[in-house]
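# Descriptive analysis of the structure
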Amino acid sequence: MAFTLPLTINGELQAAAYIKATVAYADATKLVVKLTVWTSQASRTNGKEPVPSNWLPSGFIEQPSLVPDMELVANNPVEYVYKMLESSGLYPDATWNV
């Protein structure tokens, strides 16, 4: 599970940068997610390195901090994190669940 997002990476527009989320920290009041970015899904699939942080646009939030929604229903923790990110509104141009 991941999402894609149009991003300008190192000055070049990537129509569908591939973004994977990993829980960095979680408790009852805070969920911090670490986002890892590749230029495309093919780049990720082919074992290429993720994009360095200093290549990402200044407005991109690599470690969003969210307030957990205890009412949110998900089949597993991975699905929960992606639902939280989607509902956060931080990435309105994203295509979810790729």
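Shown above is the structure to which this text applies.
Where strand 1 (residues 3–9) and strand 2 (residues 12–26) come together, six bridges link them in antiparallel fashion. Bridge pairing in strand 2 links L5 to A17. Where strand 2 lies against strand 3 (residues 31–38), eight bridges are found, and the strand directions are antiparallel. Residue pairing for strand 3: T22 is matched across the bridge by K34.

Attention now moves to the side chain of T4. Position of T4 relative to the elements: it lies in strand 1. If near-sequence neighbours (up to four positions away) are discounted, T4 is found in contact with A16, A17, Y18, D93, A94, T95 and V98.

Mapped onto the secondary structure, D93 falls in the loop between helix 2 (77–88) and strand 5 (95–96). Taking the C-alpha atoms as reference, D93 lies 8.6 Å from T4; in sequence the two are 89 residues apart.

Strand pairing in a sheet takes place through backbone hydrogen bonds and is either antiparallel or parallel in direction. Read across the sheet, five strands follow the order 4-3-2-1-5 without closing on themselves; strand pairing throughout is antiparallel. On the outer flanks of this sheet lie strand 4 (65–66) and strand 5, each paired with one strand and no other. Of the strands in this sheet, strand 1, strand 2, strand 3, strand 4 and strand 5 are in contact with helix 2, which crosses strand 2 at around 120°.

Here we take up the environment of Q41. Along the chain, the position of Q41 falls in helix 1 (residues 41–45). Residue class for Q41 comes out partly exposed when judged on its relative accessible area of 39%. As a C-alpha pair, Q41 and V78 span 37 residues in sequence and 18 Å in three-dimensional space. Excluding its chain neighbours within four sequence positions, the residues that come into contact with Q41 are A16 and Y18.

Here S43 lies in helix 1. For S43, a relative accessible area of 11% corresponds to the buried category. Through-space distance from the C-alpha of S43 to that of Q63 is 21 Å; in sequence the pair is 20 residues apart.

Within a pair of aromatic rings, the relevant descriptors are the distance that separates the centres and the angle that separates the planes. All chains considered together, the criterion is met by five aromatic pairs. Three or more aromatic residues joined by ring pairs form one cluster here, namely F3, F60, Y82, Y91 and W96.

Rules of the game
Residues numbered from 1 in each chain as written. Predicted model: local features only at pLDDT ≥ 70, side-chain atom pairs only at ≥ 80, totals over all residues. Heavy atoms only, no water. Pairing = 2+ DSSP bridges. Helix = DSSP H or I, 4+ residues; strand = E, 2+ residues; numbered from the N terminus. Contact = heavy atoms within 4.5 Å. Axes fitted to C-alpha atoms, helices over the stretch in contact; angles between N-to-C directions. Buried < 20%, exposed > 50% of the residue type's maximum accessible area, 1.4 Å probe, protein only. Phe/Tyr/Trp six-rings, centres within 6.5 Å; stacked < 30°, edge-to-face > 60°.

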